[in-house]
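# A closer look at the structure
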Amino acid sequence: YVLIVTNGILSFLWFRVFWSLMINPSYYRNKLLSTILPSFNDNGNDMDNDNDMDVNDTHFQSILWSALCLSSIIELFTSVTRLTRSHPLQVLLFSSVRTGTEYWVTPWIGGVSSTAHLFTALCWSFGDTIRFSCFCIDHIVHISNHNTNNSFHWPKSIRYTVGPIVFPFGVLGEMAMVLTAAQLSTHNTVYLYFAASLWPLGFYPLMKQLWKQRQRHFKQIMTRGTPFTTVPSTAAAAAAHANSNHNKKPLIKQV
């Protein structure tokens, strides 16, 4: 039940971030689209003055920070207490890179409305909304006893399909933030370029672990068979096992 509650909370928090980026206000969405598609014409800019933009940036930064901080605390707690199989050091690396990038780099590149930051936040929010939602649904189904054979595997299948795609884009966004800060900085350029060069070193073990989890998940699906394959209940399996033992010939022949 702890994992249901925590994953549900985190999926809601990250969905708020995603909603703020893509739906309200349209300024963020239009800025991202105009960057990806140069031919896109931004006629729906609802930020008419600097005050409106500052207010919205402050609101967006607050909900992003709440999602980042709670994700870091909860994931580290569940990994240390063995509620999940995640390694605490990998969780610490993953969380510290995100929070450190948001805290130190974002102010250097023009704030939360900079294009590199918006793209990174979009990858974070989309990926973690999928990740925590799928884990929450998976735990609910597992506890509900409607699928005692664990054949209800599509939530994790979605997570382990979307995750390896979105995660590299999020890492590229973080690197883009650091490189942008290096270009705009006048004093710490060398250090920032060096920091950006370290990103692949942190990306490799995390991506390797994610890929292992994906392979293990789909290997289990192939071992169990199709999702609609029925497995005898525990009582029926015990009865069949007892019956087979009864029919077995004794190892030592009675004289």
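Residues numbered from 1 in each chain as written. Predicted model: local features only at pLDDT ≥ 70, side-chain atom pairs only at ≥ 80, totals over all residues. Heavy atoms only, no water.

### Topic: the overall build of the chain
For clarity, the cut-off: Counting from the N terminus, the helices are DSSP H or I runs at least four residues long and the strands are E runs at least two residues long. The Shrake-Rupley method, run with a 1.4 Å probe sphere, supplies the accessible areas, and residue values consider only the shown protein chains as cover.
Counting secondary structure elements, the chain contains nine helices and zero strands. Reading the chain from its N terminus to its C terminus gives the helix and strand order α-α-α-α-α-α-α-α-α. Here the chain has roughly 15,500 Å² of accessible surface; of this, 66% comes from carbon and sulfur atoms.

### As for the nonpolar core
Heads up, the rule is: As used in this record, nonpolar core signifies buried Ala, Val, Leu, Ile, Met, Phe, Trp, Tyr and Cys residues forming a set joined through side-chain atoms within 4.5 Å. Burial classes: relative accessible area under 20% of the type maximum marks a residue as buried, over 50% as exposed, and values in between as partly exposed (1.4 Å probe, protein chains only). Whether two residues are in contact is decided by their heavy atoms, any of which lying within 4.5 Å being enough.
Core analysis: the largest hydrophobic core is formed by 19 residues, its most contacted members being Val 105, Ile 109, Phe 167 and Val 178. Counting residues per element, the ones that place at least two in this core are helix H4 (88–105), helix H5 (115–144), helix H6 (154–184), helix H7 (189–197) and helix H8 (199–224). Residues in contact with Ile 109, not counting those within four places in the same chain, are Ser 114, Ala 116, His 117, Met 177, Thr 180, Ala 181 and Leu 184. If you look at the next biggest cluster of nonpolar residues, it comprises 17 residues, including Leu 10, Leu 13, Phe 60 and Phe 132.

### Some words on the pattern of salt bridges
Formally: Here, a salt bridge means any Lys or Arg side-chain nitrogen found within 4 Å of an Asp or Glu carboxyl oxygen.
Enumeration according to the criterion identifies four salt bridges in this entry. Connected through shared salt-bridge partners, Glu 75, Arg 98, Asp 128 and Arg 131 make up one network.

### Re unusual backbone geometry
Here the phi dihedral of Arg 82 falls at roughly 65°; this positive angle occurs in a residue that is not glycine. Tracing the backbone shows Arg 82 in the loop between helix H3 (50–80) and H4.

### Concerning the environment of Phe 203
Position of Phe 203 relative to the elements: it lies in helix H8. The residues contacting Phe 203, other than those within four sequence positions of it, are Phe 167, Pro 168 and Val 171.

### Here's the deal with H6
We count it as follows: One less than the number of residues in a helix, times 1.5 Å, gives the span that helix is expected to have. Note on bend: the value at a residue is the angle between axes fitted to the seven residues ending there and to the seven starting there.
The end-to-end C-alpha distance of H6, which contains 31 residues, comes to 45 Å, matching closely the 45 Å that a straight helix rising 1.5 Å per residue would cover. In the structure, H6 departs most strongly from a straight axis at Gly 163, where the bend amounts to approximately 35° and where the proline Pro 164 lies between one and four residues downstream.

### Description of a nonpolar patch on the surface
Here is the rule we go by: Here a patch means residues that are over 30% exposed by relative accessible area and free of salt bridges, tied together within 9 Å if like-charged and within 5 Å if nonpolar (Val, Leu, Ile, Met, Phe, Trp, Tyr).
Among the surface-exposed residues, Leu 76, Val 80, Leu 89 and Leu 92 lie close enough to one another that they form a single nonpolar patch of about 360 Å² accessible area. Listing elements by their share of the nonpolar patch, those giving two or more residues are H3 and H4. Within the fold, Val 80 resides in helix H3. With a relative accessible area of 53%, Val 80 lands in the exposed category.

### So, the packing of aromatic side chains
Worth spelling out the cut-off: Pairing of aromatic rings covers Phe, Tyr and Trp, the last counted by its six-membered ring, and requires centre-to-centre distances within 6.5 Å; plane angles under 30 degrees mean stacked, over 60 mean edge-to-face, and any other angle means tilted. Two thresholds decide whether a charge sits over a ring: the Lys NZ or Arg CZ must be within 6 Å of the ring centre and within 35 degrees of the ring normal.
Applying the stated criterion across every chain, the model contains six aromatic pairs. Pairing Trp 65 with Tyr 103 gives two aromatic rings, centres 6.3 Å apart and planes at 75°, and the pair type is edge-to-face. Here Tyr 103 lies in helix H4 and Trp 65 lies in helix H3, a separation of 38 residues in the sequence. Judged by relative accessible area, Trp 65 falls into the partly exposed class, the value being 22%. An aromatic cluster of three or more residues is present, and its members are Trp 65, Tyr 103 and Trp 104. One Lys or Arg, Arg 214, reaches over the ring of Trp 211 and ends 5.3 Å from the middle of that ring.

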